[in-house]
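Breakdown of the fold
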Amino acid sequence: MAISKAWISLLLALAVVLSAPAARAEEAAAAEEGGDAAAAEAVLTLDADGFDEAVAKHPFMVVEFYAPWCGHCKKLAPEYEKAAQELSKHDPPIVLAKVDANDEKNKPLATKYEIQGFPTLKIFRNQGKNIQEYKGPREAEGIVEYLKKQVGPASKEIKSPEDATNLIDDKKIYIVGIFSELSGTEYTNFMEVAEKLRSDYDFGHTLHANHLPRGDAAVERPLVRLFKPFDELVVDSKDFDVTALEKFIDASSTPKVVTFDKNPDNHPYLLKFFQSSAAKAMLFLNFSTGPFESFKSVYYVAAEEFKDKEIKFLIGDVEASQGAFQYFGLREDQVPLIIIQDGDSKKFLKAHVEPDQIVSWLKEYFDGKLSPFRKSEPIPEVNDEPVKVVVADNVHDFVFKSGKNVLVEFYAPWCGHCKKLAPVLDEAAMTLKSDEDVVIAKMDATANDVPSEFDVQGYPTLYFVTPSRKMVPYESGRTADEIVDFIKKNKETAGQAKEKAESAPAEPLKDEL
């Protein structure tokens, strides 16, 4: 399933928060400079021609999908090479490979494997029959340790208390199947789930419940026991249906309230929180000042009260949450604040919230009594450049109601490709300056909510919208002449547009509020 545009934006915002300032500066510079690291010896370089053959040849292979201009890819390259050299000595060898997903030849591969950002690493098992996201460390030693575990059994047998002590880390989630015998439907289903989710969790199985921490020899088997470092420390399930077991693990492995701070132990829960399609309630405040404990206690009460609703809860420190503030269009002078983003990406905000207002405000949300808000830059007072600036508050009027043919670009200020395209769009706009039926516009998609009509999965993304509201994704060349030719070919005349508008029944515009 393709990752939603909302999740991509959130993930990018979160990546900014979790990256060191030096790494952010490096990526910005790399985006402008381009270039690629020298080819490594131990890492296989693959392309579309030999990719399927390589996957079929190796029972276990890790593939990095990268872009030459990506700063994080450049940072990973030497660590990935060191890991490849070490893992080539493993028995059996663990193969590391890479694909330039920015190369036109390889873009079908990137589409096939749903590559949404760089670098993305995928684990290919059993000649590609089982493909999982690599979610391990990004430095050589960590890569080696993580992948050695990945080639072993998906679940390790716990035969003694010492095994349990060595395997079950009280700072991580660990899932144990407790059985009367290591066979049968329950055992088979457990091992199937362990294999499927092994990139996300650690699994074990045992015949002896008393070997486990807080174990009980009299436990009724079969049973799945999940250990975790938050909330209730142990939860059990007796439902061994594969789907039910996956849901149990997913529901039990996220804190009731996720904490957004600089503690790396919380980062996996943050990623899972933002990846969820459920509505999200987020309380932001300054952890080091103000009545933090009173907010925290009330918020946990709220999470418990609304636990049966399709909503997840997060409490965030302002200092650590700058990326989220940028994504949601929040300001520090609004803190303490609570914001909800629902499954349709509508947002609801209460600034300067007091602890005793949280539960009642959440009730208003569930009762449908709140009005959504939209992130937008101010509408420009002067807009006389060749390429017009549009923002969330005027994009519908400008693009859909102007009666003109509009080519609109959604860009990010840090995007190297966007910077290269900017003068090209200026040139195309100047060429078409005398055509009153045509406008070229741009929107900063990091500072404005993108209307739901547009599917923006990367930058730059361009759409051509005619006066009759026909939308055409722009996927042609990146020269001024090619852009001009495309517009001339696809534009509608004002007369045609007027006739269509008069004959078409009125219908409300969708609005991503």
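Keep in mind that this is a model prediction, so the values were computed, not measured. (Residues numbered from 1 in each chain as written. Predicted model: local features only at pLDDT ≥ 70, side-chain atom pairs only at ≥ 80, totals over all residues. Heavy atoms only, no water.)

The next point concerns the sheet that holds strand S15 (residues 347-350). Ordered by their spatial adjacency, 5 strands build an open sheet running S11-S13-S12-S14-S15, and the pairing between neighbours is mixed. Of all strands in the sheet, those bounded by a partner on one side alone are strand S11 (257-260) and S15. Taking the axes of each pair of neighbouring strands and ignoring which way they run, one obtains an average angle of 20° across the sheet. Strand direction decides the pairing type here: strand S12 (residues 279-285) and strand S13 (residues 311-317), joined by 7 bridges, are parallel. Pairing of Ala281 across the sheet is with Phe313, part of S13. Lying on the sheet, helix H10 (residues 267-275) is in contact with S11, S12 and S13; it crosses S11 at an angle near 115°. Across the sheet, helix H11 (residues 292-305) is in contact with S11, S12, S13 and strand S14 (337-341); its angle to S13 comes to roughly 170°. (Pairing = 2+ DSSP bridges. Helix = DSSP H or I, 4+ residues; strand = E, 2+ residues; numbered from the N terminus. Axes fitted to C-alpha atoms, helices over the stretch in contact; angles between N-to-C directions. Contact = heavy atoms within 4.5 Å.)

Turning our attention to unusual backbone geometry. Of note, the bond from Phe118 into Pro119 is cis; its omega dihedral lies within 30 degrees of zero at -10°. Checked against the element boundaries, Pro119 lands in the loop between helix H5 (107-112) and strand S4 (120-125). Pro336 follows Val335 through a cis peptide bond whose omega is -5°. As for its placement among the helices and strands, Pro336 is situated in the loop between helix H12 (322-328) and S14. We note that Gln127 has phi near 55°; this positive angle belongs to a residue other than glycine. Among the secondary structure elements, Gln127 is positioned in the loop between S4 and strand S5 (130-133). For Arg469, which is not a glycine, the phi torsion comes out positive at approximately 75°. With respect to the helices and strands, Arg469 occurs in the loop between strand S19 (461-465) and strand S20 (471-473).

Moving on, we get to the pattern of salt bridges. Any two side chains of opposite charge can pair, so long as their charged atoms come close to each other. Considering all chains together, one arrives at 21 salt bridges under this definition. Across the pair Glu104 and Lys107 runs a salt bridge whose closest N-O atoms are separated by 2.9 Å. The exposed category is assigned to Glu104, whose relative accessible area is 58%. For Asp449, the salt bridge identified is with Lys347, shortest N-O distance 3.0 Å. Highlighted residues: Asp449 in the loop between strand S18 (438-444) and S19 and Lys347 in strand S15, separated in sequence by 102 residues. For the pair Asp449 and Lys347, a shared accessibility class is recorded, and that class is buried. Each of the salt bridges in this network shares a partner with another, and the network as a whole consists of Asp47, Asp49 and Lys105. (Salt bridge = Lys/Arg side-chain N within 4 Å of Asp/Glu carboxyl O. Buried < 20%, exposed > 50% of the residue type's maximum accessible area, 1.4 Å probe, protein only.)

This part covers the packing of helix H8 (residues 185-197) against helix H9 (residues 242-252). For the pair H8 and H9, the least separation of the axes is 10 Å and the interaxial angle reads 50°. Of the possible angle classes, the one that applies to H8 and H9 is oblique. You can see that H8 and H9 cross each other, and the crossing is right-handed. Residues Asn189, Phe190, Glu192, Val193, Lys196 and Leu197 of H8 form the contact with H9, whose participating residues are Val242, Leu245, Glu246 and Ile249. (Parallel < 35°, antiparallel > 145°, perpendicular 65-115°, else oblique. Left-handed = near helix turned anticlockwise from the far one by under 90°.)

Turning our eyes to something else, we now look at the confidence of the model for the protein chain. Put simply, the protein chain has an average pLDDT of 85, and 88% of its residues get 70 or more. In this model residues 1-13 is a low-confidence stretch, pLDDT under 50, and it forms 31 contacts with partners more than four residues away in sequence or in other chains. Here residues 15-40 is modelled with pLDDT under 50, and outside its nearest four sequence neighbours on either side it reaches 39 contacts, counting other chains as well. (pLDDT = per-residue confidence, 0-100.)

A cluster of acidic residues, Glu427, Asp481, Glu482 and Asp485, forms a negative patch on the protein surface. The leading source of residues in the negative patch is helix H16 (residues 480-490), at 3 residues. Within the secondary structure, Glu482 is located in helix H16. With a relative accessible area of 36%, Glu482 lands in the partly exposed category. (Patch = residues over 30% accessible without salt bridge, like charges linked within 9 Å, V, L, I, M, F, W, Y side chains within 5 Å. Areas by Shrake-Rupley, 256 points an atom, 1.4 Å probe, with all protein chains shown as cover. Lys, Arg positive; Asp, Glu negative; His and termini not counted. Charge placed at Lys NZ, Arg CZ, Asp CG, Glu CD.)

This part takes up the pairing of strand S10 (residues 234-237). Across a regular strand the side chains alternate sides, sitting on one face of the sheet and then on the other. In S10, alternate side chains face the same way, and those of Val235 and Ser237 are buried while those of Val234 and Asp236 on the opposite face are not. Relative to S10, strand S9 (residues 223-227) runs antiparallel, the two sharing 4 bridges. For Leu226, the partnering residue across the bridge sits in S10 and is Val235. With antiparallel pairing between neighbouring strands as the criterion, S9 and S10 make up a hairpin whose turn holds 6 residues, including Asp231 at a positive phi of roughly 50°.

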